[in-house]
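Fold and contact review
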Amino acid sequence: MNPVIALVGRPNVGKSTLFNRLTRSRDAIVADYPGLTRDRQYGNGVLGGKAYTVIDTGGIGEEEAGIEAAMADQSLLAIDEADIVLFMVDARAGLMPDDEAIANHLRVNQKKTWLVVNKSDGMQEEVAGAEFWALGLGDPHPIAAAHGRNVTTLIEHVLEPFPEPEEEAHPELLDEGIRIGIVGRPNVGKSTLVNRLLGEERVVVYDEAGTTRDAIEIPFERRGRPYVLIDTAGVRRRKNVSLTAEKFSIIKTLEAIKECHVAVMVLDARTGLVEQDLHLLDFVLSSGRALVLAVNKWDGLEADVKDKMRSELKRRLGFADYADLHFISALHGTAVGDLYPSIERAFASSTTRWSTNRLTNLLHDAVSEHQPPMVNGRRIKLRMAHQGGANPPLIVVHGNQTDALPEAYKRYLTNTFRKVLKVRGTPMRFEFRSGR
Ligand code: GDP
Ligand code: GDP
């Protein structure tokens, strides 16, 4: 799992400036992922080959109830999810009472905390840092987030104790089976679904260890086939942990999406699609994960409500129309078993390899069915296609003047490849290269 860095500090010290700098690296997977709560933002970045996740805690001190109250919930949750806290202060504003209040909270926290003095541009570093020694949080580290001064060095230091990541964890074909991540915002019915999925099956082993933010992995068998369920809802710990605070964690959700082969995104028919669903969905899409959509709580709805909901969801989820859409009731078990064929197909689609021959023939068929347009008096030529990668599948098409290929033609090719290769449940990426 990536190290998680929380940015904490008064408003205006430069947290979002640093957040943007840290998540805008060339390799950023998600730049600027809006949190499910208004005042937290999540983003990923990479530095020196090490990937990390950043949380911008946003609003400390903005709340009317004062900094104490604000520290008590939002930021503490973020700090709880983090491995490292960057406590930011403002060199220009100098030491403020709110800085001390936050420092008091951080001192009792066990998390590794770095005191970061921002806006040190145009100042001598020792001068910028001097008065913040008084916070009792160790060395002040002067940076200028807006200009990048010392930022890379700081993050390299911060990440030093974390090992370089090993090669991608899961091989494509595995003894443990398909890894299914159950994700969705709170209350859509994830726990109910996990219990339903497991209720009838044999749970092989169950390891309850792990920190609160780790998603729980539950291996099980269904009809002799192994699977691993990645549970973000915390179902199986219900007995010994107080739930409210830890039940929903974005970090846990992001982790589950990263660690699974197929994400089952649970939606709630009673509320319809809300912004939080779209944020999470956005993350699944940008991760390239295979996806199955499950609209839960489909029981007890009037027929006309169902009709309306069905067509509305189909329309609004058009951007994810490669994913199978199921209408289920986790509570009653209705249509839950139908998820498996979709999961199997999504996994197969995302991991299949096709020969260059097959893809090139398919390209030629598509082109003779429907020619690309002329550009500058010459027809765009598409000669060859090969697979550049899997999970999600990447198809590389070679030709001439491919830069001029209209979007509509690209869509035609994408749709044709999808249909002929029977790819369902996974995004598919295309890259066009001009040779010569
Ligand atoms: P946040 O409220 O903590 O997220 O703070 P912002 O990132 O929104 O920054 C507040 C203000 O400080 C903005 O006007 C930034 O342009 C400015 N700022 C941020 N970093 C620096 C810096 O390194 N130097 C200077 N001079 N200004 C900065
Ligand atoms: P989670 O927060 O996503 O894990 O959601 P839960 O599984 O805890 O479910 C939230 C609430 O929705 C509970 O009261 C469940 O009983 C209810 N619920 C879950 N699935 C269904 C369903 O299929 N139909 C109906 N009517 N209620 C459901």
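Rules behind the numbers
- Residues numbered from 1 in each chain as written.
- Chains lettered and ligands numbered in written order.
- Predicted model: local features only at pLDDT ≥ 70, side-chain atom pairs only at ≥ 80, totals over all residues.
- UniProt positions renumbered as here; feature names shortened; annotations may be inferred.
- Helix = DSSP H or I, 4+ residues; strand = E, 2+ residues; numbered from the N terminus.
- Buried ≥ 20, exposed ≤ 12 C-beta atoms within 10 Å, placed from the backbone.
- Expected span 1.5 Å × (residues − 1).
- Contact = placed C-beta atoms within 7 Å.
- Near = placed C-beta within 6 Å.
- Nonpolar A, V, L, I, M, F, W, Y, C, P; charged D, E, K, R; others polar.
- Core = buried A, V, L, I, M, F, W, Y, C linked by C-beta atoms within 7 Å.
- Domains from an automatic or database assignment.
- Pairing = 2+ DSSP bridges.
- Axes fitted to C-alpha atoms, helices over the stretch in contact; angles between N-to-C directions.
- Parallel < 35°, antiparallel > 145°, perpendicular 65-115°, else oblique.
- Left-handed = near helix turned anticlockwise from the far one by under 90°.

Taking an unreviewed UniProt entry as the reference, the protein chain is identified by name as GTPase Der belonging to Kushneria sinocarnis. Word for word, the UniProt comment on the protein chain under Function (unreviewed entry) is "GTPase that plays an essential role in the late steps of ribosome biogenesis." A UniProt comment under Subunit (unreviewed entry) is attached to the protein chain, and it reads "Associates with the 50S ribosomal subunit."

Below, the discussion takes up the overall build of the protein chain. Each helix and strand counted, the protein chain has 13 helices and 19 strands in total. Each of the 436 residues in the protein chain was classed as buried or not, and the buried ones make up 40%.

Glancing now at helix H12 (residues 356–369). With 14 residues, H12 extends 20 Å between its outermost C-alpha atoms, agreeing within 8% with the 20 Å of an ideal straight helix rising 1.5 Å per residue. Those residues of H12 that are buried are in contact with strand E17 (381–389), strand E18 (394–400) and helix H13 (407–421).

By nearness alone, 15 residues border ligand 1, and Gly14, Lys15, Ser16, Thr17 and Ala146 come closest of all. Looking at the shell around ligand 1, the element that brings in the most residues is helix H1 (residues 15–23), giving 3 residues. Per-class residue counts for the shell around ligand 1 are 5 nonpolar, 7 polar and 3 charged.

This brings us to the nonpolar core. Within the largest apolar cluster, 89 residues are counted, with the highest numbers of intra-cluster contacts made by Ile180, Val262 and Met265. Composition of this core by domain shows at least three residues from each of domain 1 (4–160) and domain 2 (178–351). Not counting chain neighbours up to four residues away, the residues in contact with Val262 comprise Ile178, Ile180, Ala290, Val292, Ile343, Ala346 and Phe347. Membership of the second largest hydrophobic core comes to 13 residues, among which are Leu359, Ala366, Val397 and Phe432.

This next bit is on the sheet that holds strand E19 (residues 429–434). The strand order E17-E18-E19 describes an open sheet built from 3 strands, whose pairing is mixed. Two strands in the sheet have a free side with no partner beyond their single neighbour: E17 and E19. Here the strands of the sheet are splayed against their neighbours by 25° on average, with no regard to which way each runs. As paired strands, E17 and E18 are joined by 7 bridges and run antiparallel to one another. When the bridges of E18 are listed, Leu382 appears paired with Gly399. The sheet contacts of H12 involve E17 and E18, and relative to E17 the element is tilted by about 145°.

Now for the site of ligand 2. Taken together, 15 residues form the shell around ligand 2, and within it Gly189, Lys190, Ser191, Thr192 and Leu331 come nearest. With 3 residues, the single largest contributor to the shell around ligand 2 is helix H6 (residues 190–199). Class assignment for the residues of the shell around ligand 2 results in 5 nonpolar, 7 polar and 3 charged.

A few words on the environment of Lys252. Among the secondary structure elements, Lys252 is positioned in helix H8 (residues 250–259). Between the alpha carbons of Lys252 and Thr232 there is a distance of 6.2 Å; along the sequence they are 20 residues apart.

So, on to H6. The element H6 is largely enclosed, with a buried count of 7 among its 10 residues. Here H6 has its buried residues at Lys190, Ser191, Thr192, Leu193, Val194, Arg196 and Leu197. Residues of H6 that are buried make contact with strand E8 (178–183), strand E11 (225–231), strand E12 (262–268) and strand E13 (290–296).

A separate point is the environment of Met384. With respect to the secondary-structure elements, Met384 resides in strand E17. Apart from residues lying up to four places away in sequence, Met384 is in contact with Thr360 and His398.

Right, let's talk about the pairing of strand E10 (residues 216–222) for a bit. Walk down a regular strand and you will see the side chains alternate between the two sheet faces. The pairing of E10 with E11 spans 7 bridges and is classified as antiparallel. Residue pairing across strands places Arg222 opposite Arg225, the latter belonging to E11. In this antiparallel pair of consecutive strands, E10 and E11, the connection spans 2 residues, and Arg223 shows a positive phi of 50°.

A word on the packing of H8 against helix H9 (residues 275–287). The geometry of H8 relative to H9 is characterised by a closest axis approach of 10 Å and an angle of 30° between their N-to-C directions. One finds that H8 runs roughly parallel with respect to H9. Read as a crossing pair, H8 and H9 show a hand that is right-handed. Of H9, the residues touching H8 (which contributes Thr253, Leu254, Ile257 and Lys258) are Leu280, Phe283, Val284 and Ser287. Taken together, the residues that form the contact of H8 with H9 break down as 5 nonpolar, 2 polar and 1 charged.

Before going further, it helps to examine unusual backbone geometry. The omega torsion across Asn391 and Pro392 is 0°, close enough to zero to call that bond cis. Look at Asn12: it is not a glycine, yet its phi comes out positive at around 80°. Within the fold, Asn12 resides in the loop between strand E1 (4–8) and H1. For Asn12, a count of 14 C-beta atoms within 10 Å translates into the label partly exposed. Positive phi is not limited to glycine here, since Lys422 has a value of about 55°.

What follows concerns the environment of Leu197. Of note, Leu197 is situated in helix H6. When the C-alpha positions of Leu197 and Leu229 are compared, they lie 9.0 Å apart, and in sequence the two are 32 residues distant.

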